[in-house]
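Close look at the chain arrangement
Here is what each chain is made of, one letter per residue.
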Amino acid sequence: MNRTSDGVRRTEGSARRGANRTEAEAEKGEKSDTAQLLGRVGMACYGVVHLVIAYLAVQVAVGSSEQADQKGALQQVGSTAFGQVLLWILAVGLVLFGLWQFMMAATGYEWVSGGKRTRKRIGAAARGVVVIALGFTAFKIATGSGGGGSSNQTQQEFTGKLLQLPAGPALVVIAAACVLGVAIAAGVKGVKKKFLEDLDTQELPGKTKRWIGGVGRVGYLAKGVVLAIVAFLLAIAGFTADPNKAGGLDAALKTLAAQPFGTVLLIVVALGLASFGAYCFGAAWAHKR
């Protein structure tokens, strides 16, 4: 009788532990789903920023002196009363997107393995840093505290600090080579449509499945072109030991506009950046967990 009672108690204990584990796993799943949802909203906000940058690039193409970079885009958004509300939404969304990227860097990309997964996780961590910084810039602009300098000023300050180090010019050239590597990687990702690896396209609405590959390809190619120009400017700064030769996104777009047929080229790149913004909306919907 005692043995039977002990067996019953052990069975009940096992059942309770199993139920507790199931409940904990369910709670963990709910928290993960919530983080995913907030991150996806943030990715859509990142798409909005690129759409505004594309608009500013077109303005530069037709002769405006707009600041065509991330900060300029956020300032453009916040230039009206409604835009101020939208700016707060973007600020929160961008920080959430950055946090989601950190989560992906820590535990994500389980659908790939080996070196590819490591590279994706490193890329997510780097993206998280960039996007959270952009989110805080949006907060500063929304609160009227400025939000720091333009991408050109930031790049020039960074280059100036590197040039002051031993072998500074060589370090700047190495940094330019790294940026060029990122630009080439973005271009290859676009050409080969590698970004589709991270999407569950079956979740997308019917017509979206057809255009997500196209806008993603064009978007990544445009990002690659812009980053390649940033790398070129950085390399010139290194070879001439002049930090003023460096520049960020704004300088890259304006350098492109100054070339023969620059207006046409810049409008094409602007369309590419708008395509990347559209891709962000689709990716926010269908990114794998």
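Rules used in this analysis
Residues numbered from 1 in each chain as written. Predicted model: local features only at pLDDT ≥ 70, side-chain atom pairs only at ≥ 80, totals over all residues. Heavy atoms only, no water. Helix = DSSP H or I, 4+ residues; strand = E, 2+ residues; numbered from the N terminus. Contact = heavy atoms within 4.5 Å. Areas by Shrake-Rupley, 256 points an atom, 1.4 Å probe, with all protein chains shown as cover. Expected span 1.5 Å × (residues − 1). Bend = angle between axes of the 7 residues up to and from the residue. Phe/Tyr/Trp six-rings, centres within 6.5 Å; stacked < 30°, edge-to-face > 60°. Buried < 20%, exposed > 50% of the residue type's maximum accessible area, 1.4 Å probe, protein only. Salt bridge = Lys/Arg side-chain N within 4 Å of Asp/Glu carboxyl O. pLDDT = per-residue confidence, 0-100. Axes fitted to C-alpha atoms, helices over the stretch in contact; angles between N-to-C directions. Parallel < 35°, antiparallel > 145°, perpendicular 65-115°, else oblique. Left-handed = near helix turned anticlockwise from the far one by under 90°. Patch = residues over 30% accessible without salt bridge, like charges linked within 9 Å, V, L, I, M, F, W, Y side chains within 5 Å.

What follows is about the overall build of the chain. Scanning the chain from N- to C-terminus turns up nine helices and zero strands. Helices and strands in the chain line up, N terminus first, as α-α-α-α-α-α-α-α-α. Long-range contacts, defined here as pairs at least 24 residues apart, represent 71% of the contacts in the chain between residues at least 6 apart. Summed over its atoms, the accessible surface of the chain is roughly 15100 Å², and 64% of this surface lies on carbon and sulfur atoms.

Here we take up the side chain of threonine 159. Along the chain, the position of threonine 159 falls in helix 5 (residues 151-163). Discounting residues that sit within four places of it in the chain, threonine 159 has contacts with Val172, Leu234, Ala237, Pro243 and Ala246.

Along an α-helix, residues three or four apart share an orientation, since each turn contains 3.6 residues. Taking 1.5 Å of rise per residue, the 35 residues of helix 7 (residues 206-240) would be expected to cover 51 Å, and the 53 Å separating its terminal C-alpha atoms lies within 8% of that figure. Residue isoleucine 212 marks the point of greatest curvature in helix 7, where the axis turns by about 35 degrees. At the C-terminal side of helix 7, alanine 241 shows a positive phi close to 55 degrees.

With that settled, the discussion passes to the packing of aromatic side chains. With the rule as written, the count across this model stands at eleven aromatic pairs. A centroid spacing of 6.2 Å and a plane angle of 45 degrees characterise the contact between phenylalanine 136 and phenylalanine 139, whose relative ring orientation is tilted. With a gap of three residues between them, phenylalanine 136 and phenylalanine 139 both fall in helix 4 (residues 114-142), about one helical turn apart. Look at phenylalanine 139 and you get partly exposed, because its relative accessible area is 23%.

Across all of its chains, the model carries four salt bridges by this definition. A salt bridge links lysine 116 to glutamate 197; its shortest N-O distance comes to 3.2 Å. With lysine 116 in helix 4 and glutamate 197 in the loop between helix 6 (168-191) and helix 7, the pair connects residues that are 81 residues apart, well separated along the chain. Lysine 254 is the partner of aspartate 250 in a salt bridge, and the nearest nitrogen-oxygen pair spans 3.3 Å. One end of the pair is aspartate 250 and the other is lysine 254, both in helix 8 (residues 249-257) and four residues apart, which spans about a single turn. Given a relative accessible area of 29%, lysine 254 falls into the partly exposed group. Where salt bridges share partners, they join Lys116, Lys120, Glu197 and Asp198 into one cluster.

Positive phi is not limited to glycine here, since tyrosine 109 has a value of about 60 degrees. Positive phi, normally seen in glycine, also occurs at phenylalanine 261, with a value near 60 degrees. For phenylalanine 261, a relative accessible area of 71% corresponds to the exposed category.

What follows covers the confidence of the model for the chain. Summarising the model, the chain shows a mean pLDDT of 84, and 88% of its residues fall at 70 or more. No element of the chain has a lower mean pLDDT than helix 1 (residues 2-61), which averages 68, and none a higher one than helix 6, which averages 93. Scored below 50 in pLDDT, residues 17-31 shows zero contacts in the model against residues more than four places distant or in partner chains.

Running from amino to carboxyl end, helix 2 (residues 70-77) crosses helix 4 at an angle of 40 degrees, the nearest separation of the two axes being 10 Å. It follows that helix 2 is oblique to helix 4 by the angle criterion. The interaxial crossing formed by helix 2 with helix 4 has right-handed handedness. Residues Gln70, Lys71, Leu74 and Gln75 of helix 2 lie in contact with helix 4, whose contacting residues are Leu134, Thr137, Ala138 and Ile141.

A surface patch of nonpolar side chains, amounting to about 340 Å² of accessible area, comprises Val58, Val62, Ile267 and Leu271. If you trace the backbone, valine 62 turns up in the loop between helix 1 and helix 2.

Tracing the sequence through the fold places valine 85 in helix 3 (residues 81-107). The spatial distance from the C-alpha of valine 85 to the C-alpha of alanine 142 is 8.6 Å, given a sequence separation of 57 residues.

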